[in-house]
Amino acid sequence: MERMFAEMERESTEMERGGVKREPILVVDDDATICDLLQRILMSEGFICDIAESANEALERLALKSYSLMITDILMPGMNGSELLPIVQQRWPDMQVVMGTGIDDRNTALDALSQGAVGYLLKPFETIEVLVNVNNALRLRQLDLANRRRREHLEEEVSQRTAELVENHRKMLAQDKL
């Protein structure tokens with residue numbers, strides 16, 4: 001139990017110190033100018049950033065490298081971002097997704113968020129909007145991963161204690177027969 005609290009404290013301190021930096025981010029947009037702009041913003045803040053100019057290229061990159069976050073355009077030729085999102089969530093559930101679009105439509109934003117995106121960017125976007133969405137998504141990812149580790153640890157501990165109780169119960173029954 002002490003080890004679990006020490007891990008929680010370490011993760012909290014790491015997040016406070018900006019531990020979300022240097023995480024790999026994949027930008028997916030058919031507009032090379034947007035890709036370049038996002039890459040420059042993210043790299044200037046210390047993030048590792050790769051580009052894919054289509055959903056299919058994004059799937060190829062994702063198969064080869066692990067990313068913490070994907071920022072994807074919604075409207076692209078071929079497979080669009082809304083079609084890409086459920087595929088990514090199924091294959092890479094630990095990766096967060098922020099959706100972006102040039103269409104200022106409340107329903108589009110709500111659809112993206114209800115499908116599981118953790119953020120939404122409206123083009124043209126400000127640098128601060130990008131960074132707030134990215135940092136929030138990465139913090140959420142860290143919290144999700146930490147919670148999963150804690151759950152796994154607690155499940156393991158419950159399993160061990162249950163086994164001990166069963167063994168003690170078996171011993172007590174054996175003594176009662178004597």
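Preceding this paragraph is the structure being described.
Please read all numbers here as calculations on a predicted model, not as lab measurements.

**Considerations on the overall build of the chain**
Okay, so step 1: Each helix and strand counted, the chain has six helices and five strands in total.
Okay, so step 2: Split into buried and exposed, the 178 residues of the chain put 39% on the buried side.
Okay, so step 3: At a minimum sequence separation of 6, the contacts of the chain that also span at least 24 residues come to 66%.
Okay, so step 4: Carbon together with sulfur atoms contributes 53% to the accessible area of the chain, which is approximately 10,800 Å² in total.

**Notes on the pattern of salt bridges**
Okay, so step 1: All told, the structure shown has nine salt bridges when counted by the stated rule.
Okay, so step 2: A salt bridge links Asp-36 to Arg-40; the shortest N-O distance between them is 3.1 Å. Note that Asp-36 and Arg-40 are positioned in helix 2 (residues 32-44) at a spacing of four residues, about one turn of the helix.
Okay, so step 3: The class of Asp-36 is partly exposed, set by a relative accessible area of 38%.
Okay, so step 4: Across the pair Arg-170 and Glu-167 runs a salt bridge, and its minimum N-O distance is 2.3 Å. A residue pair is termed a helical-turn pair when its members lie 3 or 4 positions apart in one helix, as Arg-170 and Glu-167 do in helix 6 (residues 127-177) at three residues.

**Some points on the nonpolar core**
Okay, so step 1: Counting 22 residues, the largest nonpolar core has Leu-26, Val-28, Leu-62, Met-70, Leu-84, Val-88 and Met-99 as its most contacted members.
Okay, so step 2: Elements that contribute at least two residues to this core include exactly strand 1 (24-28), helix 3 (55-64), helix 4 (81-91), strand 4 (96-101) and helix 5 (106-114).
Okay, so step 3: When near neighbours in sequence (up to four residues on either side) are disregarded, Leu-84 contacts Val-28, Ala-55, Ala-58, Leu-59, Met-70, Thr-72 and Met-79.
Okay, so step 4: Counting 20 residues, the second largest nonpolar core, distinct from the first, contains Cys-49, Ile-51, Ile-71 and Phe-125.

**Section: the sheet that holds strand 5 (residues 119-122)**
Okay, so step 1: With respect to topology, five strands assemble into an open sheet ordered 2-1-3-4-5, the strand pairing being parallel. Lying at the two open borders of the sheet, with one neighbouring strand each, are strand 2 (48-52) and strand 5. Neighbour-to-neighbour, the strand axes of this sheet turn through a mean angle of 20°, independent of strand direction.
Okay, so step 2: Strands strand 1, strand 2 and strand 3 (69-73) of the sheet are contacted by helix 3, whose axis makes an angle of about 135° with strand 2.
Okay, so step 3: Relative to the sheet, helix 6 contacts strand 1, strand 3, strand 4 and strand 5, its axis offset from that of strand 4 by approximately 155°.

**Looking at the packing of helix 2 against helix 6**
Okay, so step 1: Taken N-terminus to C-terminus, the directions of helix 2 and helix 6 make an angle of 65°; their axes are 11 Å apart at the nearest point. Considered as vectors, helix 2 and helix 6 are oriented roughly perpendicular to each other. For helix 2 against helix 6, the interelement crossing comes out right-handed. Residues Leu-38, Ile-41 and Leu-42 of helix 2 form the contact with helix 6, whose participating residues are Thr-127, Val-130, Leu-131 and Val-134.
Okay, so step 2: A per-class count over the contact of helix 2 with helix 6 returns six nonpolar, one polar and no charged.

Definitions and limits used
Residues numbered from 1 in each chain as written. Predicted model: local features only at pLDDT ≥ 70, side-chain atom pairs only at ≥ 80, totals over all residues. Heavy atoms only, no water. Helix = DSSP H or I, 4+ residues; strand = E, 2+ residues; numbered from the N terminus. Buried < 20%, exposed > 50% of the residue type's maximum accessible area, 1.4 Å probe, protein only. Contact = heavy atoms within 4.5 Å. Areas by Shrake-Rupley, 256 points an atom, 1.4 Å probe, with all protein chains shown as cover. Salt bridge = Lys/Arg side-chain N within 4 Å of Asp/Glu carboxyl O. Core = buried A, V, L, I, M, F, W, Y, C linked by side-chain atoms within 4.5 Å. Pairing = 2+ DSSP bridges. Axes fitted to C-alpha atoms, helices over the stretch in contact; angles between N-to-C directions. Parallel < 35°, antiparallel > 145°, perpendicular 65-115°, else oblique. Left-handed = near helix turned anticlockwise from the far one by under 90°. Nonpolar A, V, L, I, M, F, W, Y, C, P; charged D, E, K, R; others polar.

Take it as geometry only, folks, not as evidence of what the structure does.
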